[in-house]
Structure formats: structure tokens, C-alpha cells
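One letter stands for each residue in the lines below.
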Amino acid sequence: MSSVNVLVTGGAGFIGSNFVRSALGRHPDWHVTTLDKLTYAGRRENLHDVMDHPRHTFVHGDILDGATSGPLVERAEVVVHFAAETHVDRSILAAGDFIRTDVEGTFVLLEAARRARSLRRFIQISTDEVYGSVASGASRETDELRPRNPYAASKAGADRLAYSYWATYDVPVIVTRASNNYGPYQFPEKVIPLFVTNAIDDIPVPLYGDGRNVRDWLHAEDHCRALDLLIDAGASGEVYNIGGGNEVMNVDLTHRILSHLGRPASLITPVADRPGHDRRYCLDTSKLRGLGWTPQVPFERGLGDIIDWYAANEWWWRPIKESDPAFRAYYRTQYGSR
Ligand code: NAD
Ligand code: TYD
């Protein structure tokens, strides 16, 4: 059987590692190459069980380094481009790496994609944050982009740059805009793993502002299934929303986490709000559903299972938190007490 060469950038991160694992399991004809810089968020441990898989190659490198990333793109039939700086709070404190990796790094890959001879799909992993905050209704793929923080703006730049390489050079680009993901191996700076791991240790969970911001939660497995479908059935030059359809207010999410772990609500510590904090994201997913995709993981079960996963996998997150003595204090107080 001849194998399909799939390049996954950022494959040692949260969603990327879930994708690499599921791709190797679901596609016996794929050879997957992970290209990852191993920033603070990228970890070999995220791929521990597939690192030495016979159909997996790991390359430690920067997408911005065209000498490394270029030939990998040129050899690929499918590129799934996850690599990015991803944490909104970090982008508010210092945006430079976001512009460099998310925008310029995408440019480096797209230039190589122009030269690639057998490339049939370039998936640009964008985000629902490019739409900005939506007070009511649901964002459609054709809606105006109104990103409101440096992370979202850098992703919007990459999103449109990728589209332009389809329109101008016929690179087979598909842009996906997913909602907030949850699942195993998510860096514990993001709200679910941060709150779960703090609660396990009986330390406060810092809830921003009034806690009434709404996010639409998507299980990483459902995200991976959508990407699989789009690689084959999506149309070049198109944008697809990928949303779980689980709108939850942060304060409700927090109560669910604490109650699942049997911890008191008194752990909730209101802190000052994130500047420019988007109130709500919500995606209209009818375009993707029209291709036959529906999310399979109900949020109630998925959230419980993932809390249990973090509880059972302290080997994974405890060294991250302990290796950075400032971790707890920093993430608890970065916007100060309210
Ligand atoms: P993550 O921060 O967990 O992982 C990012 C990965 O990219 C890390 O492994 C990191 O080492 C790697 N990376 C960063 N800079 C790099 C560079 N210059 N060269 C090579 N590798 C580099 O992120 P994630 O949450 O898994 O998100 C993955 C993608 O999905 C991102 O593009 C993000 O914008 C998008 N997205 C995430 C969510 C979410 O809820 N997490 C939702 C929608 C879209
Ligand atoms: P986050 O996981 O950072 O994802 P995003 O900003 O991409 O949506 O945050 C999810 C929500 O949780 C967001 O509304 C901000 C809020 N939040 C807190 O209330 N406290 C925290 O410590 C963090 C990290 C997030």
C-alpha cells in the first residue's frame, strides 16, 4: 500500500497531538510527520505513546525556518497547520511571538505550499475568535471578522493570508474555525485544565470578571473527526466552522468542575477581568453538518471524563506546574484581585 504523506505542524501541542494520535489510528495508509518547535506548550510527553510509531516521524523545528519547514511541506500531500501561539492572556502581555509564528510562520508554509507538487490539501486551523464577540445569534463563515485581542487578530491575519494563497496561487487551502476545545493534554493555562488541576490541589480558581462569558465547547475528538472529513470532502477556498454546540457560561462550567471533584464553591476567586474579554462566541455549523458531521461527545459526559483524565494523569500536568514556581501565582493574579 502506498502511503499518504501528512505533515502536522504543532503536533506536539494539545489539539495537534490528539490529531496525530487519531490519524495514526484511523488511517493505516498515512505516514504522519510532526513538525514542532516545542515551545512551552509543545511537549514530547503529549505524543508519548505514538512518538516511536512506525508511521510517525517527529521533527523538532520552527515553522519560521524555511530550510526545515519548506522541504517538509513540499513533500506532503496533506498539511494540517496547527502550530501557533495560542493563549489570549499571553498575547495581551506580549504579542510579538503571535505575529511572528501565527502570521509570518503561516506565510513561510504557504510559500512552500506554492512549490509543492503533490499537495492536495492545506488545512489552515483558524478559530472562532476571529469573529470577535457575538452578543446574539451564531457566526456564519461569511460574517465579517472582528478580532478583538492580539491572538485573535494574528489568527485572522493567517486565516485570510491562507485564503489569499488559494485565490491567487490555487494552493488547495481550507480554513477551519473551531470553537473552544477540551480534551487530554491541554496546557494547564487554559481554563478547564487550570481549574481542574487547581481544584484537585484545593487552591483557588480565578474566575475573570463576572464569570458570565460564554464559550461553546468542542471535544478534541470531534474536532479531529471534522478535520478528517474536510481533508477528503471539503472544497478548496472554503471556510468551515467547527463548533460543539455546547454554550456554557464560565461560572456554570466552574461549578460543574468543582462539584464533579467534590470541592467547595468557596474555591472560586473572582479576579479582575481580562482586558477586551470577548463576551460570547457561537458558531453556525450547518455548512459542516451538510457534509455529514455531527459532534459525537455529549458535553456532560465529555467534561466528566476529561476531569477524570486530569485526575488520573498527574504525571502529565504536575511537572508542568511545578517546573514553573510562578505558575500558580502568575495565573491566579495576572489581572489582579477584583
Ligand atoms: P497549543 O498551544 O497547545 O499548541 C501549539 C503547538 O504549536 C505547540 O506544540 C507548540 O510547540 C507549537 N508551535 C508554536 N510555535 C511554533 C513554531 N514557530 N514552529 C513550530 N511549532 C510551533 O495549541 P492548541 O490549543 O492545540 O491549538 C492548536 C491550533 O488550534 C492553533 O492554531 C489554535 O489557534 C487553534 N485553535 C485552538 C482552539 C482551542 O480551543 N485550543 C480552538 C480553535 C482553534
Ligand atoms: P481560555 O481557556 O483562555 O480560552 P479563550 O480565551 O480562548 O476562550 O478561557 C476560556 C474562558 O475562561 C474565557 O472566557 C476566559 C475565562 N478564564 C477565566 O475566567 N479564568 C482563567 O484563569 C482563564 C485562563 C480563563
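Residues numbered from 1 in each chain as written. Chains lettered and ligands numbered in written order. Predicted model: local features only at pLDDT ≥ 70, side-chain atom pairs only at ≥ 80, totals over all residues. Heavy atoms only, no water.

**Comments concerning the pairing of strand β11 (residues 239-242)**
Where burial is concerned, the two faces of β11 agree: the one with Val239 and Asn241 and the one with Tyr240 and Ile242 are both buried. Of the strand pairs in this sheet, strand β6 (residues 173-178) and β11 are connected by four bridges, and their pairing is parallel. Across the sheet, Arg177 pairs through a bridge with Asn241, a residue of β11. (Buried < 20%, exposed > 50% of the residue type's maximum accessible area, 1.4 Å probe, protein only. Helix = DSSP H or I, 4+ residues; strand = E, 2+ residues; numbered from the N terminus. Pairing = 2+ DSSP bridges.)

**Some remarks on the domain arrangement of the protein**
Along its sequence, the protein is organised into domain 1 (4-182 + 217-242) and domain 2 (191-215 + 247-278 + 300-335). Taking only C-alpha atoms into account, the centre of domain 1 sits 26 Å from that of domain 2. In this assembly, 18 residues from domain 1 lie in contact with 21 residues from domain 2. Carbon and sulfur atoms make up 55% of the surface buried where domain 1 meets domain 2, a total of about 1700 Å² over both sides. Counting the surface domain 1 buries against domain 2, the share from its top three residues, Asp89, Tyr182 and Trp217, is 36%. Connecting domain 1 to domain 2 are two salt bridges. Between Asp278 and Arg148 there is a salt bridge; the shortest N-O distance is 2.6 Å. Between the two partners, domain 1 and domain 2, sit five residue pairs in polar contact (both at pLDDT 80 or more). In terms of residue count, helix α3 (residues 88-93) provides more of the side of domain 1 that touches domain 2 than any other element does, five residues in total. (Domains from an automatic or database assignment. Contact = heavy atoms within 4.5 Å. Buried area = accessible area lost by both parts, 1.4 Å probe. Salt bridge = Lys/Arg side-chain N within 4 Å of Asp/Glu carboxyl O. Polar contact = N/O pair within 3.5 Å; in protein donor to acceptor, adjacent residues only side chain to side chain.)

**Focus on the site of ligand 2**
Not every one of the 18 residues close to ligand 2 is listed here, only the nearest: Glu129, Pro206, Arg215, Arg274 and His277. Contact distances for ligand 2 include 2.4 Å between an oxygen atom and a side-chain N or O atom of Glu129. Here an oxygen atom of ligand 2 and a side-chain polar atom of Asn180 are 2.9 Å apart. For ligand 2, the protein covers 96% of the area, taking 510 Å² as the surface of the free molecule. Of the residues assigned to the shell around ligand 2, the class counts are seven nonpolar, five polar and six charged. Looking at the shell around ligand 2, you find at least three residues from each of domain 1 (4-182 + 217-242) and domain 2 (191-215 + 247-278 + 300-335). (Near = heavy atom within 4 Å. Areas by Shrake-Rupley, 256 points an atom, 1.4 Å probe, with all protein chains shown as cover. Nonpolar A, V, L, I, M, F, W, Y, C, P; charged D, E, K, R; others polar.)

**Observations concerning helix α4 (residues 96-115)**
For α4, with 20 residues, the first-to-last C-alpha span of 28 Å sits near the 28 Å given by 1.5 Å per residue. The sharpest bend along α4 measures roughly 30 degrees and falls at Glu104. Every buried residue of α4 is accounted for by Phe98, Thr101, Asp102, Gly105, Thr106, Val108, Leu109, Leu110, Ala112 and Ala113. (Expected span 1.5 Å × (residues − 1). Bend = angle between axes of the 7 residues up to and from the residue.)

**Comments concerning the site of ligand 1**
Among the 28 residues in the neighbourhood of ligand 1, the closest are listed as Ile15, Asp36, Thr86, Tyr151 and Lys155. The contact in question runs from an oxygen atom of ligand 1 to an N or O atom on the side chain of Thr86, over 2.7 Å. For ligand 1, whose unbound accessible area comes to 840 Å², protein coverage reaches 97%. Every element with two or more residues in the shell around ligand 1 is listed here: α1 (14-26), β5 (121-127) and α5 (150-169). If you tally residues by element for the shell around ligand 1, the top one is β5, at three residues. Split into classes, the residues belonging to the shell around ligand 1 amount to 12 nonpolar, 12 polar and four charged.

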